[in-house]
Amino acid sequence: MTLLIAVLVGLNWNGSTSLQVTIEPIIAVLLYSMFCQIPFLEIKKSFTSPSFFKALLLGNFVLIPLLVGLIILLFNLDTLSSIGVLLVLLTPCIDYVIVFTHLGKGDSNSVLAATPLLFVFQVLLLPVFLWLFVGHESITIFEVTPFIKTFLYLILLPFTFALITQWMSKSTRLGKTAINISAWLPVPFMALTFFVVIASQIETLWTKPEPIVKVLPVYILFAIIAPFIGFLSSKIFRLEAYQARAVVFSSSTRNSLVVLPLALSLPSPDNQLVAVVIVTQTIVEILFELIYIRVVPKLIKG
């Protein structure tokens, strides 16, 4: 329903593109609310199971890049389309994957605990992957500043405020109230995030369908194969079903909402094309997530 409303607003309201400026702050609030729900004592316990984190890192930063590299070779994409595809497919999701993992009966707490780790790894490795897959052409387009700003605004600040909120909740009424309120924020802010992303970009998608046609087969193929990559990684480290499902969801769910600000920071008009490529992945992924949450628990039985 949120996606339908976003499409209608985006196509019928002339000022819908102005919603683009709200994407980063809304994502920041979303991540803050999710970080507030991190059970820190359980996180400490989850790190006593290093096999999960090894499987998560192997799947997301070794096996998935190999898969993406092979898929890119199969399709003749221009440089900007390739950059958009690489940006989104090489970065594991750190926000709504937690919700989908929970719906798919996976270990959402461990995925939540791994969020900062996953983001740090992707920030460090993404420039390397871009250089490997695209070469010097990507270096002429990208600057390191947007990556640093994204880390500061979308991860470090929300995470720090979440820590302060949890610390205050132990001894103050204000902190307890903030924690209780934050527990209700993830779902509406996730819906709001989807709304502003789709509504602000749908007009470009509608008027310039060529990039969509090019990348749709890429995303569909990835969505079909990626769960098996996660399953393979979990098998290598002999994870039990609950954690194996979590690795499958993490390997299959990409970081479209967080890398979108990186795309929008590119020089115009390149930023619009790359943003369209990324938003297309979001739409494809949501449809497949609805399949995953039903199929994954049946295939990986605990």
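Everything below is about the structure shown above.
Fair warning: this is a prediction, and the values are worked out from it, not measured in the lab. (Residues numbered from 1 in each chain as written. Predicted model: local features only at pLDDT ≥ 70, side-chain atom pairs only at ≥ 80, totals over all residues. Heavy atoms only, no water.)

## Regarding the overall build of the chain
Thinking step 1. On a plain count of helices and strands, the chain comes out with 16 helices and zero strands.
Thinking step 2. Here the C-alpha radius of gyration of the chain, 19 Å, is about what a compact globule of 302 residues would show, namely 19 Å.
Thinking step 3. Among the 302 residues that make up the chain, the fraction classed as buried is 53%.
Thinking step 4. Of the roughly 14,100 Å² that the chain leaves accessible, carbon and sulfur atoms contribute 71%.
Thinking step 5. Across the chain, 17 positive and 13 negative side-chain charges occur, with their mean positions spaced 17 Å apart. (Helix = DSSP H or I, 4+ residues; strand = E, 2+ residues; numbered from the N terminus. Rg over C-alpha atoms; globule rule 2.2 N^0.38 Å. Buried < 20%, exposed > 50% of the residue type's maximum accessible area, 1.4 Å probe, protein only. Areas by Shrake-Rupley, 256 points an atom, 1.4 Å probe, with all protein chains shown as cover. Lys, Arg positive; Asp, Glu negative; His and termini not counted. Charge placed at Lys NZ, Arg CZ, Asp CG, Glu CD.)

## Re helix α15 (residues 256-264)
Thinking step 1. Most of α15 is tucked away: nine of the nine residues are buried.
Thinking step 2. Residues Ser256, Leu257, Val258, Val259, Leu260, Pro261, Leu262, Ala263 and Leu264 constitute the buried set of α15.

## Notes on the packing of aromatic side chains
Thinking step 1. Using the criterion set out here, one finds six aromatic pairs in the structure.
Thinking step 2. Consider the rings of phenylalanine 52 and phenylalanine 53, whose centres lie 5.3 Å apart with planes at 85 degrees: the pair is edge-to-face. You'll find phenylalanine 52 and phenylalanine 53 in the same group, each marked buried.
Thinking step 3. Here a set of aromatic residues connected by ring pairs shows up, and it is made of Phe249, Phe288 and Tyr292. (Phe/Tyr/Trp six-rings, centres within 6.5 Å; stacked < 30°, edge-to-face > 60°.)

## With respect to unusual backbone geometry
Thinking step 1. Positive phi is not limited to glycine here, since lysine 105 has a value of about 60 degrees.
Thinking step 2. Within the secondary structure, lysine 105 is located in the loop between α6 (97-103) and α7 (108-113).
Thinking step 3. For lysine 105, a relative accessible area of 53% puts it in the exposed group.

## Some points on a nonpolar patch on the surface
Thinking step 1. Taken together, the side chains of Ile148, Leu152, Tyr153, Leu156, Leu157, Phe161 and Ile164 define a hydrophobic patch exposed on the protein surface, amounting to about 620 Å² of accessible area.
Thinking step 2. Along the chain, leucine 157 falls in helix α10 (residues 144-169). (Patch = residues over 30% accessible without salt bridge, like charges linked within 9 Å, V, L, I, M, F, W, Y side chains within 5 Å. Salt bridge = Lys/Arg side-chain N within 4 Å of Asp/Glu carboxyl O.)

## A short note on the environment of glutamine 37
Thinking step 1. Relative to the helices and strands, glutamine 37 resides in the loop between α2 (23-36) and α3 (40-46).
Thinking step 2. Measuring from C-alpha to C-alpha, the distance between glutamine 37 and glycine 84 comes to 31 Å, with 47 residues separating the pair along the chain.
Thinking step 3. Every residue in contact with glutamine 37, bar those within four places of it in the chain, is listed here: Leu112, Gln166, Ile179, Ser182 and Ala183. (Contact = heavy atoms within 4.5 Å.)

## A short note on the nonpolar core
Thinking step 1. One finds Val85 and Tyr219 to be the most contacted residues of the largest nonpolar core, which totals 94 residues.
Thinking step 2. Setting aside anything within four residues of it in sequence, one finds tyrosine 219 in contact with Gly84, Val85, Val88, Leu89, Val277, Ile278, Thr280, Gln281 and Val284. (Core = buried A, V, L, I, M, F, W, Y, C linked by side-chain atoms within 4.5 Å.)

## Quick look at the side chain of serine 169
Thinking step 1. In this structure, serine 169 sits in helix α10.
Thinking step 2. Apart from residues lying up to four places away in sequence, serine 169 is in contact with Gly175, Lys176 and Ile179.

## Describing the pattern of salt bridges
Thinking step 1. Considering all chains together, one arrives at one salt bridge under this definition.
Thinking step 2. In this structure, the salt-bridge partner of lysine 214 is aspartate 78, at a minimum N-O distance of 3.3 Å. Placement of lysine 214 in helix α13 (residues 210-236) and of aspartate 78 in the loop between α4 (50-74) and α5 (79-89) is noted, with a sequence separation of 136 residues between them.

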